Amino acid sequence: MLDVTGLSAGYGAAKVLHDVSLTVDEGKFVVLTGPNGHGKTTLLRVLSGLLPADEGDMLFCDERLNGRSTAAIVARGLVHIPQGDLLFVDLTVEQNLFMGAYLSAAWRNRRERIRRVYELFPRLEERRTQQARTLSGGERRMLGIGRGLMSNAKLLMVDEPALGLAPVLVQEVYATLERISRSEATVLLVEETLANARGIADYVYLMDTGRIVHEGTMAEFGADVLHSTYLGNRGS
Amino acid sequence: METLVQAIISGLVFGAIYAIMTMGLTLVYGCLRTLNMAQGAFGMVGGYAAWMLTTQAGAPPIAGLIAGAVAAAGIGILTHFISIKPLVGRKDIDFEMTAYISTLVVAIMFSASIILLFGARNKAIDPLVEGRLKIFGTVSVSWQQVAVAGVALICLGGLSLLLNRSRQGLSIMAVAQQFDAARLMGVPAGRVYWVTMALAGLLGGIAGVLLAPLYFVSPSAGDLPILKGLTVAIVAGLGSIRGTIYAAFVIGLIEALVATYVGSLWSLPVLFSLIVVFMIVRPYGLFGKPEEERL
């Protein structure tokens, strides 16, 4: 479904990603993990067209993404739910969700889609006329994910959904993501630790200093791999 | 008492015109993060379009209003492609300041073109409606004032519906509030920019046609309105839609009261003093947020 080969990118002279290759198969729950500040979010920004790729190829459903606008990439069903939610804080919850269905194919079905999001997150329906800025941290995360689900997403890229959430809410969010990955869309999840996704992930990529240093199924991902990455790079 | 009521009515009517005029500045500032100094020129061009259609060609005033709005919307789009689009996303310049200067230059070019086309002489234009409505005692409003208030309210109501309900309107607000997220929703920012400029032109053009019977149509007809618009925008807090409406009526009322009780020569000095006070005491305006809170 998503095929990345030999991807390099960065901010001007500062190269962040070096020769990254990664594959996400349809219907799988794939996790991209690794210490913070090592390029995971940058990779998502390149995939969604917010940042240009310097080298390499990105294929999504057999179409090349290089050089395409974010609007064109979203229209193909590759949807990025950004870290920190990036809500439209002065719009209401409902308006935020409708914005998630901005593209015309999704806009036509927005009422039907919003019903499904409300079924998934009943709390959002209770808050639907409130401004997004009045929501609690957990509600904001639900809105961020719900907004992503309003699109015609085939592959959802979710960046650090557990960040800043209370443990009980983290469980709820991951249970929802698991349900989504089974019934709605393939999921590529980015997170710093594997703690939350341990029981869900089908396949894991470990990124360190902008490179994929290890990959495999959850079972192949022993504690030794993680330890060497984290302990080797931390403390500096 | 009757003088006061008369002044308040006049202030509210001017406030309504300032509100739609300044809303153009507000939308563009929210979306593009620059002051569009051509906003006054949009009104000036709108006035000329209305003058050509009504005084020259004999069409009814309402046709003049529509023509003014449409022409100014076109000028808004033109301004975008001449003076804003070439600057968007360039890393070697300070966009906000450069676009501010380039829109000011375009406004001067529009005025100069109008002088070349129609000469520098003022043109008179008929009001939308004639006559006066007597309320009580010596207090009366002209039907023109009623029409102006009505048109302004329709514009503000329509704008609110557009921004809050429609796909295009929501995308303008989304780009203004969270640029990256708007792009991740698939919003093509380039299109939102020129649609916003067209909307700013439309609003400016309507304000220009409403003001034209009071101030004549002239190449410099946009100068005073943009000064008033900037005053309203600064008092409101740049980019605040709700603040713009309140501030427009406050400014309209202050202006009318000063003109009535102190003398009309004093209204501009008072407004400019108000800007200075706001710049010192509350630089982010009544309804704006301090920069650090915006993040």
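Just so you know, these numbers come straight off a predicted model, no measurement behind them.

Here we look at the overall build of chain B
- Summing up its helical and strand segments, chain B has twelve helices and two strands in all.
- For chain B, the α and β elements follow one another from N to C terminus as α-α-α-α-β-β-α-α-α-α-α-α-α-α.
- For chain B, whose C-alpha radius of gyration is 19 Å, the value lies close to the compact-globule estimate of 19 Å for 295 residues.
- Its C-alpha atoms put chain B at 60 × 45 × 35 Å along the principal axes.

Topic: the sheet that holds strand β9 (residues 203-208) of chain A
Residue and element names in this part refer to chain A.
- If you walk across this open sheet you meet the six strands as β6-β7-β8-β3-β9-β10, and the pairing is mixed. Because the sheet does not close on itself, it has two edges, and the strands there are β6 (78-81) and β10 (211-216). Mean inter-strand twist for the sheet, computed between neighbouring axes without regard to direction, equals 20°.
- As paired elements, strand β3 (residues 29-33) and β9 share four bridges and run parallel to each other. Paired with V30 across the two strands is Y203, which belongs to β9.

Digging into the nonpolar core
- The biggest cluster of nonpolar side chains holds 126 residues, and the ones touching the most others in it are L156 and L189 of chain A together with I20 and L210 of chain B.
- Sequence-distant contacts of L156 of chain A, defined by excluding residues within four places in its chain, comprise V79, I81, G148, L149, I180, A185, T186, V187 and L188 of chain A.
- Residues M1, V20, L22 and V30 of chain A belong to the second largest nonpolar core, which totals 27 residues.

Looking at the interface of chain A and chain B
- Taken together, the 25 residues of chain A in the interface contact 22 residues of chain B.
- Summed over the shared surface of chain A and chain B, the result is one salt bridge.
- R45 of chain A is the salt-bridge partner of D180 of chain B, the closest N and O atoms lying 3.3 Å from each other.
- One can count seven residue pairs in polar contact (both at pLDDT 80 or more) joining chain A with chain B.
- Of all the elements in the fold, those that place two or more residues in the side of chain A that touches chain B are α2 (70-75), α3 (93-100) and α4 (104-107) of chain A.

Brief notes about empty space enclosed by the protein
Residue and element names in this part refer to chain B.
- Evaluated as defined, the whole model comprises three cavities of 30 Å³ or more.
- The calculated volume of the largest cavity comes to roughly 50 Å³.
- Lining the largest cavity, in full, are A50, T54, P61, G64, L65, I125, D126, P127, L128, V209 and P213.
- Residue assignment for the lining of the largest cavity shows that the elements contributing at least two residues are α2 (39-56), α3 (61-84) and α8 (189-215).

Details of the environment of G30 of chain B
All names here are of chain B.
- By secondary structure assignment, the location of G30 is in helix α1 (residues 2-32).
- Assessed through its relative accessible area of 8%, G30 is described here as buried.
- For the pair G30 and A182, spaced 152 residues apart in the sequence, the C-alpha separation amounts to 13 Å.
- When neighbours within four sequence positions are excluded, G30 is seen to be in contact with A176 and G239.

Describing the pattern of salt bridges
Residues and elements named next belong to chain A.
- What the rule picks out here adds up to 15 salt bridges over all chains.
- Across the pair R68 and E63 runs a salt bridge whose closest N-O atoms are separated by 3.7 Å.
- The class for R68 is partly exposed, based on a relative accessible area of 32%.
- The shortest N-O distance in the salt bridge between E178 and R182 comes to 2.7 Å. Separated by four residues within a single helix, E178 and R182 lie in helix α8 (residues 167-183), roughly one turn from each other.
- Classification of R182 by relative accessible area gives exposed; the value is 62%.
- What emerges from the salt-bridge pattern is a single network uniting E63, R68 and R76.

As for the side chain of Q145 of chain B
- Counting through the fold element by element, Q145 of chain B comes out in helix α5 (residues 143-165).
- Every residue in contact with Q145 of chain B, bar those within four places of it in the chain, is listed here: I9, S10 and V13 of chain B.

A closer look at a nonpolar patch on the surface
Residues and elements named next belong to chain B.
- A surface patch of nonpolar side chains, amounting to about 1,000 Å² of accessible area, comprises M1, L4, I8, L12, L257, Y261, V262, L265, W266 and V270.
- If you list the elements that add at least two residues to the nonpolar patch, you get α1 and α10 (241-261).
- Sorting elements by how many residues they give to the nonpolar patch places α1 first, with three residues.
- Along the chain, Y261 falls in helix α10.

A look at the environment of L78 of chain B
- With respect to the secondary-structure elements, L78 of chain B resides in helix α3.
- In this structure the C-alpha to C-alpha distance between L78 of chain B and I114 of chain B, which are 36 residues apart in sequence, comes to 15 Å.

What about α8 of chain B?
All names here are of chain B.
- Look at α8: 37 Å from first C-alpha to last across 27 residues, which is about the 39 Å you get at 1.5 Å a residue.
- The largest bend in α8 comes to about 25°, at V209, with the proline P213 one to four residues further on.
- The element α8 is largely enclosed, with a buried count of 19 among its 27 residues.
- After α8 finishes, the residue F216 shows a positive phi value of roughly 70°.

A look at the packing of α1 of chain B against α10 of chain B
Residue and element names in this part refer to chain B.
- Across the interface, α1 lies against α10 with an axial gap of 6 Å and an inter-helix angle of 140°. The interaxial crossing formed by α1 with α10 has right-handed handedness.
- The residue makeup of the contact of α1 with α10, split by class, is 18 nonpolar, nine polar and one charged.

Definitions and cut-offs
Residues numbered from 1 in each chain as written. Chains lettered and ligands numbered in written order. Predicted model: local features only at pLDDT ≥ 70, side-chain atom pairs only at ≥ 80, totals over all residues. Heavy atoms only, no water. Helix = DSSP H or I, 4+ residues; strand = E, 2+ residues; numbered from the N terminus. Rg over C-alpha atoms; globule rule 2.2 N^0.38 Å. Pairing = 2+ DSSP bridges. Axes fitted to C-alpha atoms, helices over the stretch in contact; angles between N-to-C directions. Core = buried A, V, L, I, M, F, W, Y, C linked by side-chain atoms within 4.5 Å. Buried < 20%, exposed > 50% of the residue type's maximum accessible area, 1.4 Å probe, protein only. Contact = heavy atoms within 4.5 Å. Salt bridge = Lys/Arg side-chain N within 4 Å of Asp/Glu carboxyl O. Polar contact = N/O pair within 3.5 Å; in protein donor to acceptor, adjacent residues only side chain to side chain. 1 Å grid on protein atoms, 1.4 Å probe; cavity = no way out; pocket = protein on both sides within 12 Å on 5 of 7 lines; lining within 4 Å. Points joined across faces, edges and corners; volume = space filled by probe spheres on them. Patch = residues over 30% accessible without salt bridge, like charges linked within 9 Å, V, L, I, M, F, W, Y side chains within 5 Å. Areas by Shrake-Rupley, 256 points an atom, 1.4 Å probe, with all protein chains shown as cover. Expected span 1.5 Å × (residues − 1). Bend = angle between axes of the 7 residues up to and from the residue. Left-handed = near helix turned anticlockwise from the far one by under 90°. Nonpolar A, V, L, I, M, F, W, Y, C, P; charged D, E, K, R; others polar.

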